[in-house]
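Fold and contact review
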Amino acid sequence: ELDGVSLLPLAAAALAGDERSTRPLGRRRPLWWAMHRGRGGMQYALREGEWKLLAGYGDTPSRSHGPAPGGEVTEWLRACELGRAELYRVSHDPTEAVDLAAREPARTARMRRRLQQLVRDATARGPRVVSWSERSPACPRRNARLNVTELCC
């Protein structure tokens, strides 16, 4: 099953000057993603409309922990619970400067549960995760292959 939305109707409407080209795309599942190096650790994001939830494992969404080095990562991901989360209303706060999790506890809890289920579904259906490192990469680092300095922090 593909997880995504066809952009063809949107592009065709835009080319025809149709007002449907400005409508939001409909999704069966909310947009979510994993950042294995997000702010120094494993972090996930969930976007629902104008809301974005960031969550990681541990006490803060930005500094997380993981299985023991060399440990089985997939099983750990299936069993571990997401920790503290941050909630942003990106339509009003595009730089994610104001965490609204304390002001919106019901929304935060609902979105965290949804994100947790999406992560578990992905680890159940997806390939096994075979490596993990709690340590962030050296920053900045030189990428000789691309001849650039990467800022990764």
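Before any of the text, the structure's been laid out above.
Reading the values: rules and limits
- Residues numbered from 1 in each chain as written.
- Predicted model: local features only at pLDDT ≥ 70, side-chain atom pairs only at ≥ 80, totals over all residues.
- Heavy atoms only, no water.
- Helix = DSSP H or I, 4+ residues; strand = E, 2+ residues; numbered from the N terminus.
- Buried < 20%, exposed > 50% of the residue type's maximum accessible area, 1.4 Å probe, protein only.
- Areas by Shrake-Rupley, 256 points an atom, 1.4 Å probe, with all protein chains shown as cover.
- Phe/Tyr/Trp six-rings, centres within 6.5 Å; stacked < 30°, edge-to-face > 60°.
- Pairing = 2+ DSSP bridges.

Examining the overall build of the chain
- Each helix and strand counted, the chain has three helices and six strands in total.
- Across the chain, helices and strands are ordered from the amino to the carboxyl terminus as α-β-β-β-α-β-α-β-β.
- Residues counted as buried form 31% of the 153 residues belonging to the chain.
- For the chain, the accessible surface area stands at approximately 10,000 Å², while carbon and sulfur atoms represent 54% of it.

Looking at the packing of aromatic side chains
- Scanning all chains against the criterion turns up one aromatic pair.
- Relative to Tyr44, the ring of Trp32 has its centre 6.2 Å away and its plane inclined at 40°; by these criteria the two rings are tilted. With Trp32 in strand 1 (residues 31-38) and Tyr44 in strand 2 (residues 41-48), this residue pair connects regions lying twelve residues apart in the sequence.

Focus on the pairing of strand 3 (residues 51-56)
- Strand 3 sits mainly inside the fold: six of its six residues count as buried.
- Going residue by residue along strand 3, you find Trp51, Leu53 and Ala55 tucked away on one face and Lys52, Leu54 and Gly56 tucked away on the opposite face as well.
- Taken together, the five bridges between strand 3 and strand 4 (residues 85-89) define a ladder with antiparallel strand orientation. Opposite Leu54, over in strand 4, you have Glu86 as the bridge partner.

That's the geometry; what it means functionally is another story.
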